[in-house]
Amino acid sequence: MTRRLAVVLAVLGLALTGCFSGSGGGDPADGRLRVGLSFPPTSGLSPYGNEATLATRLGVTEPLVVLEGGTPTPALATAWAQVAPTQWRFTVRPGVTFHDGTPLTPDAVVGSLTRAAAATPTPRALASLAGTGPALTARVDGPDGVVVTTPAPDPVLPQRLASPELVILAPGAYADPTRPSPVRAGTGPFVLTRVDGSTGAALDANPTSWRGPVAAPGIDARFLADGVARANGLRAGELDVAEAIPVSQVAAIAPPQQVVGVPLPRSVAVYLDQRSPVFADPGVRAAARTAIGTVDVAGTIYEGRADAAAGLFGPATPWAGAPGARPPHPVTPPTPPAGQRIRLATYSDRAELPEIAAADADALRRAGFTVDVTVLESSAFEARLGTGAFDAVIISRSQQLDTGDPVGYLASDFSCAGSYNQARYCDPATDARLATGAATSDVEARRRAALEVESRVLGADAVVPHVTERARVGVGAGVTGVAEDPNEQFLITGSTRR
Amino acid sequence: MTAARRLLPWVSTGLAVVLLTVVIAALPWLWDTDPAATVLRTRYPERGVDPATLDALRAELDLPTNPVGGALGWLGGVVTGDLGTSWVSRGPVAPGVLAAIGVSLTLAVAAAVVAAVAALGLLAPGAARAARRGTGDAGRGSALVASVLGAVPEIALGAVLVAVVAVAWGLLPSTGFSGPVHLVLPALALGLPAGGLLARMLSSATESALAEPWVRTWRSWGTRPATIALGVARRAVATAVPQIALLVVGLLGSAVAVEELFGVPGVGSTALDAVLAQDLPVAQAAVMLLVLLGLGLGGVGVLVHRALLGPARSGGELPAGVPLPGGGARSWAPWVAAGVLAAVVVAGLPRDPSAVVEGRRLAPPSWSVPLGADALGRDLWARVAHGALLTVGTAVAVTATCLVVGLLVGVGARSTRAGAADVLNALPPVVVGLVVAAIAGPGLLGAAIAVAAVGWVPLAVHARTLAAEARASGYVRAAVLAGASPARIARRHVLPAVVGPVTRHGLARVPHAALGIAALSFLGLGAAPDSPEWGAVLADSLAYVERAPWTIIAPATGLVLLAVVVALVRETRTSS
């Protein structure tokens, strides 16, 4: 009996001291930044996929160019020019070394771009270029240049190459070509030394960063999927920077901690399915738009921490809000609804969306509709999108995922063949306007085309925008230098310190 | 014959693993979705899906063309020690899943220790008093406390613990899992409600142990009360051990919400994410390892139970089946709770539960909204009242089903060996929910089926434990010698000794059924998202626990009152 008890106690003791995961929080006095990021990586921060942005946000990897206000600016490339309709030449920055000590050369750039273009699936930024062959080919041109050739003329290639998936890594990073590892292979201000599965990562300052001295000695990053957990970590002083603080938690964060709001090119809107039996009628769509328009989403659910939408484009794209920039659109008079049944759906990953769904449902019911609300986990939700399972969906949608180019975004969301056309909106005249916009390399002309298309889809009541979102970055006491990047590509930089 | 019988459990375990692997491999077909599309969406959210990309991905992942082929291919790899390659990360499955199981095992054992200590603390005073005085009453007051504790939602308790202990006092870390200090808060959040349930279950074991003749004999000999209490505790703990083993196994895969709140990289979240992303190799590995671990731990529980009962069990010397003495002090608390609950519900019914009032977001209790308003300005009193019937009705129906199935399986079980119950218990409930949703479709019924599918297991194991004790008692042996048929023995001798304690245990789980249904709501299972079902109301309010405690107090109080009312059923039954 006693021996059995001893065995039981030993097993208990072993289990209790046994399995822990990840590194400790670190000594708060050593100046290392403790960062809470919002989604756990599965592939060791591989550049091929969604977690590519984790590596750029932590200052590990860098692309050839960086977007500022939608305009490409130099990063690992110092200059670029279109040398032929399908060819761009990039000048590689001299004097840059990778974290493993090897120099950044045109060869390394060609290697990274060629491998990315051949990856399965094709990186999102290049997807629209990929036809039957590779999306691009790259070759070394002279001692400091790289020429990139696309299958068709591409006026926005530099914008595409700003994608976090097209970062330049040291040749040693490609030991496993399906998932390159940025560990000691980037060029940024921080050297990724270790990734602990999907729980955390450790980084040290890069002593030879081409951008100059790095303020913080290192980063201890943690991946916390739960927004409340990130807010708690910030409030308890366990995190110095926490991204994507949920609106529900912002009010609980008091000075010296604060939440920085950065306008994002991301709209939250209701998409009315043009082919659903109910919303095929423009008058009924107008009635739904009128009803939904009464809900003050920005003021109540977002508590003023998002911007009420004038259209799809918001404060992150200031050119859209310039006086007279938006062409006026016709307003369809509403047909009073007579109890039609609407299936309204959204997903649960963003805590605000289910609340918006409940508020919209209430407004629609008051207007005379019968509403069934569905809230699903996002992958289950996306699987049912475009199948006609719902009459209206509430989606938070980024407008700059691919290229930072408004025409590309509108083409995927509102053209007949668009890959993310949730309203199932199809108008040949709109497609034609998108085609002329996409063909020009003049930024102003592309923006004009975007605003015209926006006014067409708003006039058709294909989409009813609620708000444009802001990034809510939680910043701890005394922390400075956190990047306020509307593209959500950068967060910790060489000047971030505490 | 004996060799065949010895092989049987291994064969059935193997079959169970193969079957589960096939079911998981069949999920894409059940859902009628394309795993390549889901994997693509997981890697690249908001990308959209085009056929060329899908074809390339399908070719690269080498997706199986049918579920059986996929399952057998994966199992073939397992035989050679290869758990496969993840479709999402393209890395090997084994390291991540094994680490997650280690983390979850650590947390589950810690929570079980908390639960055992809490249950002991709840029962010890009453048991000691009873040992001294010689009544069979182990303390009604502590039973009430246990009921209330058992009805507290783990995730709400966790949110409060983080807000107070970690954020306000700064005593313990709020998130992470890199050392024993990180274990305290999640273990408390998971362990305290489980301790309440355990105490409810044990109070019947203690009472029947106290009523056994040997206690009277010992007392008449002048044995010290402490020694008697120890003897009673050993009898009661014998019944509890299989339940604690069950608790550990159950917590391995079911603590998803608590894992996320505390940033614990456990296997429950791993399995859920894998199933949602249709990363089938990871899901299959997680489920298979959980089931094997569950069977192992369930077996250990049974062995310890036998060891604690000692030679008395095999000799047919257990004095089980002593009827509980009637009477005793009637408790007034359940009646008060029932009255309060009924009054609140009736008075709240005329109020509007769905009107969104913009100026009333998170309004504190006032004359116009006596219980406060939720994040959309909806009247919480109206929501609690309108949700009462739906919540209580579903929870009671689920519990009744679990009780009947649990009794039938538990009493009918031929051996105390681990079986199908242990396999089901080891499965993460959300994974079961996803499978049920795939087959039965979304909705409240699907959620109820999913919760019932795993909810009967603790009751069956409890019944199995008690039945084993009853079968080991002298009079059942006498019945066997007299030539009674096994069915008659089960009906006339075993069932009466089992039904009371198991019913009491089942009733204590009624609030849990409501919480279990709510936990599936984000999968599109359960009541409609804007319905006033209490679990849904609670889930909506968790983010506001600190800013607007009333949003969580209203539904949580409803659940606690329900737990107290349920205690009433048991009181009136034993005292009549």
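Residues numbered from 1 in each chain as written. Chains lettered and ligands numbered in written order. Predicted model: local features only at pLDDT ≥ 70, side-chain atom pairs only at ≥ 80, totals over all residues.

1. Describing the overall build of chain B
Of the regular secondary structure elements, chain B holds 25 helices and zero strands. Within the span of chain B, comprising 576 residues, buried residues form 60% of the whole. The long-range share in chain B, meaning contacts at least 24 apart out of those at least 6 apart in sequence, stands at 77%. (Helix = DSSP H or I, 4+ residues; strand = E, 2+ residues; numbered from the N terminus. Buried ≥ 20, exposed ≤ 12 C-beta atoms within 10 Å, placed from the backbone. Contact = placed C-beta atoms within 7 Å.)

2. A closer look at the overall build of chain A
Helices and strands together make up the secondary structure of chain A, namely 13 helices and 17 strands. Its C-alpha atoms give chain A a radius of gyration of 25 Å, near enough to 23 Å, the size a compact globule of 498 residues would have. Principal axes of the C-alpha set define a box for chain A whose edges measure 75 × 70 × 45 Å. Counting only residues that meet the buried cut, chain A has 56% of its 498 residues in that class. Partitioning the intrachain contacts of chain A with sequence separation of at least 6 by distance along the chain shows that 69% fall at a separation of at least 24. (Rg over C-alpha atoms; globule rule 2.2 N^0.38 Å.)

3. Description of the pairing of strand β14 (residues 341-347) of chain A
If a strand is regular, its side chains alternate between the two faces of the sheet. All names here are of chain A. A large share of β14 lies buried, amounting to five of its seven residues. For the segment spanning β14, helix α9 (residues 352-367) and strand β15 (residues 370-376), crossover handedness is right-handed. Bridge analysis of β14 against strand β16 (residues 392-398) gives two bridges, and the strand direction is parallel. Across the sheet, Leu344 pairs through a bridge with Ala392, a residue of β16. (Right-handed = clockwise from strand over helix to strand, strands pointing away. Pairing = 2+ DSSP bridges.)

4. Brief notes about the domain arrangement of chain A
Residues and elements named next belong to chain A. Taken domain by domain, chain A consists of domain 1 (1-60 + 188-257 + 476-498), domain 2 (64-179) and domain 3 (263-470). Taken over C-alpha atoms, the centre of domain 1 sits 34 Å from the centre of domain 3. On the domain 3 side, the residues contacting the nine residues of domain 1 number eleven residues. Here the side of domain 1 that touches domain 3 gets three residues from one element, more than from any other, and that element is helix α6 (residues 247-250). Of the residues contributing to the side of domain 1 that touches domain 3, the split by class is five nonpolar, three polar and one charged. (Domains from an automatic or database assignment. Nonpolar A, V, L, I, M, F, W, Y, C, P; charged D, E, K, R; others polar.)

5. Regarding the interface of chain B and chain A
Between chain B and chain A, the residue contacts involve 68 residues of the former and 70 residues of the latter. Mapped onto the side of chain B that touches chain A, the elements with two or more residues apiece are α3 (35-43), α4 (51-61), α6 (94-133), α8 (154-168) and α12 (256-261) of chain B. Here the side of chain B that touches chain A gets nine residues from one element, more than from any other, and that element is α6 of chain B.

6. Considerations on the environment of Leu445 of chain B
Looking at where Leu445 of chain B falls in the secondary structure, it is placed in helix α20 (residues 444-471). Sequence spacing of Leu445 of chain B and Gly526 of chain B is 81 residues, and the spatial spacing of their C-alpha atoms is 7.2 Å.

7. Concerning helix α11 (residues 406-414) of chain A
Residues and elements named next belong to chain A. The buried fraction of α11 is high, at nine of nine residues. Three or more residues of α11 are buried, namely Pro406, Val407, Gly408, Tyr409, Leu410, Ala411, Ser412, Asp413 and Phe414. Contacts made by the buried residues of α11 are with α12 (428-439) and α13 (443-459).

8. Quick word on the sheet that holds strand β4 (residues 77-84) of chain A
Residue and element names in this part refer to chain A. Strand order in the open sheet formed by four strands is β4-β5-β7-β6, with antiparallel pairing between adjacent strands. Both edges of this open sheet fall to β4 and β6 (137-141), since each of them pairs with a single strand only. Each strand axis lies, on average, 25° off the axis of its neighbour in the sheet, ignoring direction. Across five bridges, strand β5 (residues 87-92) lies against strand β7 (residues 145-149) in antiparallel orientation. (Axes fitted to C-alpha atoms, helices over the stretch in contact; angles between N-to-C directions.)

9. Topic: the packing of helix α11 (residues 225-254) of chain B against helix α13 (residues 267-276) of chain B
Residues and elements named next belong to chain B. Contact geometry for α11 and α13: axes closest at 5 Å, N-to-C directions at 45°. Judged by the angle between their axes, α11 and α13 are oblique. For the pair α11 and α13, contact is made by Leu252, Gly253 and Ser254 and by Val267, Gly268 and Ala271, respectively. By residue class, the composition of the contact of α11 with α13 is three nonpolar, three polar and no charged. (Parallel < 35°, antiparallel > 145°, perpendicular 65-115°, else oblique.)

10. So, the confidence of the model for chain B
Residues and elements named next belong to chain B. Confidence in the prediction for chain B averages 80 pLDDT; 89% of positions are at 70 or higher. Low confidence marks residues 320-329, where pLDDT is under 50. Its contacts with residues over four positions away, or in another chain, come to 25 contacts. Under a pLDDT of 50 for its full length, residues 571-576 has, in the predicted model, nine contacts with residues more than four places off or in other chains. Interface predicted TM-score (ipTM) for the complex: 0.85; the corresponding pTM is 0.88. (pLDDT = per-residue confidence, 0-100.)

11. A look at the environment of Arg350 of chain A
Note that Arg350 of chain A resides in the loop between β14 and α9. Considered as a pair, Arg350 of chain A and Val247 of chain A are 103 residues apart in the sequence and their alpha carbons are 9.9 Å apart.

12. So, helix α14 (residues 280-309) of chain B
The end-to-end C-alpha separation of α14 of chain B is 43 Å, in line with the 44 Å expected for 30 residues at 1.5 Å each. With respect to burial, α14 of chain B is a largely interior element, 22 of its 30 residues being buried. (Expected span 1.5 Å × (residues − 1).)

13. Brief notes about the nonpolar core
Core analysis: the biggest nonpolar cluster contains 359 residues, and Val241 of chain A together with Ala111, Ala286 and Val287 of chain B have the highest contact counts within it. Considering every element that reaches this core, the biggest residue donor is α6 of chain B, with 22 residues. When residues no more than four places from it in sequence are discounted, the contact partners of Ala286 of chain B are Val97, Val267, Thr270, Ala271 and Ala274 of chain B. (Core = buried A, V, L, I, M, F, W, Y, C linked by C-beta atoms within 7 Å.)

14. Considering the pairing of strand β8 (residues 190-196) of chain A
Residue and element names in this part refer to chain A. The pairing of β8 with strand β9 (residues 200-205) spans six bridges and is classified as antiparallel. Note that in β9 the partner of Arg194 across the bridge is Ala202. Remark: three residues form the turn of the hairpin made by β8 and β9, two consecutive strands paired antiparallel; Gly197 in that turn has positive phi of roughly 50°.

15. Section: the packing of α11 of chain A against α13 of chain A
All names here are of chain A. Axis separation between α11 and α13 bottoms out at 9 Å; the angle between their running directions is 30°. In terms of axis orientation, α11 runs roughly parallel to α13. The hand of the α11/α13 crossing is left-handed. Of the residues in α13, those touching α11 at Pro406, Val407, Leu410 and Phe414 are Arg446, Arg447, Ala449, Ala450, Val453 and Val457. Its residues assigned to classes, the contact of α11 with α13 shows eight nonpolar, no polar and two charged. (Left-handed = near helix turned anticlockwise from the far one by under 90°.)

16. Concerning unusual backbone geometry
With an omega dihedral of -10°, the bond running from Thr120 of chain A to Pro121 of chain A counts as a cis peptide bond. Along the chain, Pro121 of chain A falls in the loop between α3 (106-117) and β6. Put simply, Pro255 of chain A and Pro256 of chain A share a cis peptide bond, and its omega is 10°. For Pro256 of chain A, the position within the fold is in the loop between α6 and β12 (258-272). The residue Leu45 of chain A is not glycine, and still its phi comes out positive at about 60°. Counting through the fold element by element, Leu45 of chain A comes out in the loop between β1 (33-37) and α2 (52-57). With a phi angle near 65°, Arg90 of chain B is a residue other than glycine that sits in the positive phi range. Among the structural elements, Arg90 of chain B can be located in the loop between α5 (67-79) and α6.

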